[in-house]
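Residue strings, one per chain:
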Amino acid sequence: MRSLFWKILASLMLATALVASFTFGVSRLSLEERWLFHFHPALKDFASQWIDRHEAQDHAANRQLLQDYRRRFQLFVQVYDERGSLLTNGLPPRVEQLFKQLHKEREGKAPRPVKLTQTVLAASGEEYLFIYRLPRPALHQWLGDTWLGRSLLALCVLGALVLVSLPLSLYLTRPLKRLQRAAQELSESRFEPADLAQISQRGDELGALARDFSAMGKHLQSSLSNQRQLLRDVSHELRSPLARLRVLLALQDKHADDPQQQLLNQRITRECDRLDLLIGEILELARPDAPLGAKQRVSISQLWRSLAERYQDSRVAVHFHPSHAQLSGWPELLERALDNLLRNALRFAPEGSAIDVSCQQEGAQLMLSVRDHGPGCPAELLDKLGQPFTRAANQGNDGYGLGLAICRRIAERHDGQLLLANHPEGGFIATLQLPT
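Residues numbered from 1 in each chain as written. Predicted model: local features only at pLDDT ≥ 70, side-chain atom pairs only at ≥ 80, totals over all residues. Heavy atoms only, no water.

Caption draft 1: View of the sheet that holds strand β2 (residues 86–89). Ordered in space as β2-β1-β4-β3, the four strands form an open sheet in which the pairing is antiparallel. Edge positions in the sheet fall to β2 and β3 (114–121), since each has one partner strand and no second. On average, each strand axis in the sheet is inclined to that of its neighbour by 15 degrees, with strand direction left out of account. Of the pairings in the sheet, the one linking strand β1 (residues 76–81) to strand β4 (residues 127–134) comprises six bridges and is antiparallel in character. Across the sheet, valine 77 pairs through a bridge with tyrosine 132, a residue of β4. (Pairing = 2+ DSSP bridges. Helix = DSSP H or I, 4+ residues; strand = E, 2+ residues; numbered from the N terminus. Axes fitted to C-alpha atoms, helices over the stretch in contact; angles between N-to-C directions.)

Caption draft 2: The sheet that holds strand β8 (residues 354–362), seen in detail. Spatially, five strands are ordered β6-β8-β9-β11-β10 in an open sheet, and the strand pairing comes out mixed. Since the sheet does not close on itself, it has two edges, and those belong to β6 (317–320) and β10 (417–422), each with one partner. Across the sheet, the axes of successive neighbouring strands diverge by a mean angle of 20 degrees, strand direction being ignored. Its contacts with the sheet put helix α11 (residues 300–310) on β6, β8 and β9 (365–371), and the angle it makes with β8 is roughly 170 degrees. (Contact = heavy atoms within 4.5 Å.)

Caption draft 3: View of the packing of helix α12 (residues 331–348) against helix α13 (residues 403–413). Axis separation between α12 and α13 bottoms out at 9 Å; the angle between their running directions is 150 degrees. One way to sum up the angle between α12 and α13 is to call them roughly antiparallel. Between α12 and α13 lies a crossing whose hand is left-handed. Note on element contacts: α13 touches α12 through Gly403, Leu404, Ile406, Cys407, Ile410 and Arg413, opposite Leu333, Leu334, Arg336, Ala337, Asn340, Leu341 and Asn344. Grouping the amino acids of the contact of α12 with α13 by side-chain chemistry returns eight nonpolar, three polar and two charged. (Parallel < 35°, antiparallel > 145°, perpendicular 65-115°, else oblique. Left-handed = near helix turned anticlockwise from the far one by under 90°. Nonpolar A, V, L, I, M, F, W, Y, C, P; charged D, E, K, R; others polar.)

Structure follows, in C-alpha cells:
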C-alpha cells in the first residue's frame, strides 16, 4: 500500500469498524445482569418493594406495583418462593404465550426478550426467586436515554477515533514538519539534503515530495553558490584592471604639464572611484545571503559606540540616543545596515542640521531608526525605495541605489523589515524593525 490515498481510506474504514464494534460492545454491556441490576431504575429496587408488600400481606399493593412497572418500563415479573411455588405471575396469558412462541423460533429471526433472574433473601429468612423479562428495544432505548449510556457511547467513539487518528496524524505531520524545517534551512542557506534521506525512502507521495524538495534544494544551493562565486570573480576581474588603471593615471599625472590633461585625469580617477564603489556595493548586497553561523546577542549600546567613533568628524552632527536594549542577530550585518542608513541620511542632511539615531521597544520588536532633516522623499517613490538601483531624483551623482537594498536584505535576514517614510515634522526616517 504505497499511496497515501489508500492508507487514509484504510484508516477511515478501520475507524468506522472500531466505532461499530465499540458501539456493539456497549449495547451488549447493557444486557449484562450486574449492569442492569445496578443502574436500571426498574430492577434496582423492585425486589425490595415487592417483598415488603408481600410479607405485609398487602397483595393488592403488589398487583398495583406490577401494573405500574409493566406500564412504565415494560417489565414482566414472575416470583417463586424457596419451595418452587409461583407467588406472582406478572405475565398476562397472551404475553406468556408470545414469549413461549418467541423462545421456540430460530434465534435472530425475531428479537427475543431479555430474561434475568435474581435471588433475594428477605429479612424474615425466606428466599425468593425473581424472573424478569424486558424487551430488547426498551433496554437499548433506556441506555441511549441515560447520561451514563450516552457518555459510554461517546467515550467509545472517541477512543476508536483516537486509536486510528493519532497514529495517522503522526504518520503525516512528522515528515511535513521536517519538510517545513528543511524549507526554513533552505531560506537561510543551511539546507542539507541528507536530512531528508529517511523521508525520501518512503514510497508514498510524501517520499516523492521529499525527493523533489531535495533535488530543488540542491539546485538552488548550487545556483546561489555559483552566483556568489560569479560576483567574487567579477569583482576580482574588475578591480584588477582598475588598480592598474589607477597606477597608470598616477604615473601620467606626474608627467602631465597640460592643465586640460590633468583635469581629464582627475575625471577618469573619479569615474574609477565610482566604479570601485559600485563593485563594493554589489558584493555587499550579496553577502547577507551567505552562511554566517549562529546568531548572537547584540547590544545596541555597543553598536552606537562603534558607529559614533566612525561619524564623530562628519559634516553633520549625529546624535545617538542611549539604549540598553539587546536583540538576537549578527552584529556585523546590523552595523553595516545602520552604517548604510547613516550614509544615506548624510547625503540629504543640510549643513547645520542633525541626524537622530534612536532605538525603541514595541512589544517583541526593536525599532532602530535613523532620521534626517532633509527634503524627504517624493510620496510616489516611497514604495520603490529599497529596491536595487532605485534612487531619489535629488540624490545627485553619489551612490547607485544599493544602500537601502542592502539594509532591506539584512532586515529580512533577521526576520524583520525595513520601514521607510517621510517624518511628519520634516525630513526622512528609515527604521529597522527587528525581533528581539
